[in-house]
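A structural walkthrough
Here's the letter readout for the chains.
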Amino acid sequence: MVGDVKSRCITLGERVRDLLTKDATTRRAERENAAARSLVRIAPVEARRLLRGASRALLLGAPDSASEEALAGAARESLAQGMPVVVISEGVAGLGRALSRMGVGPVEVLDAYSHRYEPLARRDAHDAAELMEGAVSLCRDDAEGAGPYLEALAQVLALKRLPVSVRMMDGCPHSRMHEVIDRLESAGRVDAAEASDLRARLDVSPSCRAAIQGFFREAVAEGRLLAGAGVTSSSCSIVDTVRRGGVTVLDVASGGNVAICSLAFSEIEFCLRRGVALTVMVRARSLGRWERLGELLRGFPAARWVISCDDALEFFSGTEQLRRWAASADRLISFAQGHASSDAVSELLGEYEKIDVSVSEAREGSFWGLSGGVPGARSVTCSTRRERVVRPEELRSLGVGEFLVLERGESGVCVGSVA
C-alpha cells in the first residue's frame, strides 16, 4: 500500500516536472518564433514622410488623404534633388491641395478645367512623330509603319502654317492628303522632290491609316483636358514641364482613358530615352495598357517611381506582375487589402520557420492506453513549419491608418500607423 502511494507521488512529481518542462519549452519557442518573425512596431509616422528616402515604392490601399500627403512629400523631396516629377492620377484636387500646403512648385495641373494639355505643341515634325508613334503603338496592333506617315502629316501641317496638335491630327483629311500636297506644290510651298517624298511616306496600308485615325478620334473623344485645335501659346505638356524642372499633374479621370494615358506614357518615354532623370508617380485604381510604362520605369536606372493604388490585384494584372514590381521596389507599404490581394501581399512579406510545441502523454492502468488510468509519462516535442510573417487575415483586419512596411536591405516587417 505504502509502495503504491509512493509510486503515485513520484508520478505526480514527474508530472509537475513535465509541465514545467513543457512551459519552458513553449516560452523558448515563442521567443525564437518572435525573433524569426521579426515583426517590429514602429512609432506613428506623418503621412508626408511615408515615402521619404525611397526611390522606388509601392503604396497599397492607403486612404486618399494619406496617399496625397505621401505623394506630395515625395514630390518635394524629388524636386529638392533636382528631379522633375510627373504624376498621372485619377482625380487631382486633393493632391493639388497637398502639394500647395507643402510649398511644392512649380506645379502644372492639366485637367478638364484647364484644357491645356497638348503633347505635340512646340515639337518639330520628327519629335512629334516619335511621340505620336509611341502612343499609337500602345493602343493599336496594326499601326506598323506609322512613324514616317505621322512625320509627313506633321510636316504638311507646318507647311500650311498650322500648329501640330492632337485635335489637328484628328481633323486631317487622311484619305485626301495627296490633294493637299498637290495644292502645296502648286503654291510653291514644296518642290517636286519634296512633294514626291511626302506622298511616298503617306502611302501606308489602309489598316495602318485606319489605326492612326482611330487613335486620334479616340484621344479627342476622351480628351476633356486637351487644348483647343489652334491653341499653342497657353498649352502645356509633360515634356515642357520636365524641361523647366517642376511637377506635372495629369488628371486621367479614369483608367479607361487609354489614348490620353498612352500620350502621357509616350511623353515619359521620350524624356527617359534622352537620359532625363525624373520621378514618375501613378495614382489610380486601375490603368489600362500601362505595363509598357512599367517596363520603361523598371528598365531605366535614373527613373524614380511610386505606384499608389487601392487594391493590389485590381491595379496589377496578377500576382506575377505584382511580384515583379515588388522585386524592383525599395519600399512596399501596405494598408488593409481585399481577400485576394491580402493573400498576394502576405506572400510578398515573406515567411519564417515557426516552431510548434506538442505534448504527448501515456496513461498508466488503462486498457492499451485507450481510457481511464492515471496520468503517466509526458513527452514534449518540437517541430518546424513555414509560416507567413503576416497572415492574410491580419492584412485584411488592419485598422484605419495602420500599415505594414517591407524595406529592401532591412530585416523583418514593420507595423506602423499614420500620425
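Everything quoted here is computed from the prediction, not taken from an experiment.

Quick look at the nonpolar core now. A general trend in soluble globular proteins is that nonpolar side chains are found buried together. In this structure, Leu-58, Ile-88, Leu-287, Ile-307, Phe-315 and Phe-316 are the most contacted members of the largest nonpolar core, which totals 97 residues. Here this core takes eleven residues from helix α11 (residues 258-272), the largest share from any one element. Ranked by size, the runner-up nonpolar core spans 30 residues in total, among them Ala-47, Leu-50, Ala-62 and Val-85.

Across the sheet, ten strands lie side by side as β1-β12-β11-β8-β2-β7-β6-β3-β5-β4; this open sheet has mixed pairing. Edge positions in the open sheet fall to β1 (39-41) and β4 (107-110), since each of these has one partner strand only. Adjacent strand axes in the sheet meet at a mean angle of 15°, parallel and antiparallel pairs treated alike. Of the strand pairs in this sheet, strand β3 (residues 85-89) and strand β5 (residues 247-251) are connected by five bridges, and their pairing is parallel. Of the residues in β5, the one forming a bridge with Val-87 is Val-249. On top of the sheet, α11 reaches β3, β5 and β6 (279-283); it is set at about 165° to β3, its chief contact. Set on the sheet, helix α14 (residues 319-328) makes contact with β2 (56-60) and β7 (304-309); between it and β2 the angle comes to about 130°.

To continue, consider unusual backbone geometry. Put simply, Gly-105 and Pro-106 share a cis peptide bond, and its omega is 0°. Its place among the elements puts Pro-106 in the loop between α3 (93-101) and β4. For His-115, which is not glycine, the phi torsion reads 50° and is therefore positive. Here Arg-122, not a glycine, exhibits a phi torsion of approximately 65°, which is positive.

Moving on, we come to the pairing of β3. Of all five residues making up β3, five are buried, and the element is well covered by its neighbours. Of the two faces of β3, the one lined by Val-85, Val-87 and Ser-89 and the one lined by Val-86 and Ile-88 are each fully buried. The pairing of β3 with β6 spans five bridges and is classified as parallel. The residue of β6 that forms the bridge with Val-86 is Val-280.

Another point: the pairing of β6. Most of β6 sits out of view: five of its five residues are buried. The alternating pattern of β6 places Thr-279, Met-281 and Arg-283 on one face and Val-280 and Val-282 on the opposite face, and all of these are buried. Relative to β7, β6 is paired through five bridges, and the arrangement is parallel. Bridging from a neighbouring strand, Val-282 pairs with Ile-307 of β7.

Looking at the chain as a whole, its pLDDT mean stands at 87, while 89% of the residues score no less than 70. Ranking the elements of the chain by mean pLDDT puts helix α1 (residues 2-37) last, at 63, and strand β8 (residues 331-334) first, at 98. Here residues 1-9 is a poorly scored stretch, pLDDT under 50, and it has one contact once near neighbours within four places are set aside; other chains count. Note on residues 366-371: pLDDT under 50 across the span, and three contacts to partners over four residues away in sequence or across chains.

All right, on to the side chain of Glu-387 then. On the secondary structure map, Glu-387 appears in strand β10 (residues 374-388). Given a relative accessible area of 12%, Glu-387 falls into the buried group. There is a polar contact of 2.7 Å between the side chain of Glu-387 and the side chain of Arg-385. Discounting residues that sit within four places of it in the chain, Glu-387 has contacts with Gly-350, Glu-351, Tyr-352 and Lys-354.

Parameters and conventions
- Residues numbered from 1 in each chain as written.
- Predicted model: local features only at pLDDT ≥ 70, side-chain atom pairs only at ≥ 80, totals over all residues.
- Heavy atoms only, no water.
- Core = buried A, V, L, I, M, F, W, Y, C linked by side-chain atoms within 4.5 Å.
- Buried < 20%, exposed > 50% of the residue type's maximum accessible area, 1.4 Å probe, protein only.
- Helix = DSSP H or I, 4+ residues; strand = E, 2+ residues; numbered from the N terminus.
- Pairing = 2+ DSSP bridges.
- Axes fitted to C-alpha atoms, helices over the stretch in contact; angles between N-to-C directions.
- Contact = heavy atoms within 4.5 Å.
- pLDDT = per-residue confidence, 0-100.
- Polar contact = N/O pair within 3.5 Å; in protein donor to acceptor, adjacent residues only side chain to side chain.

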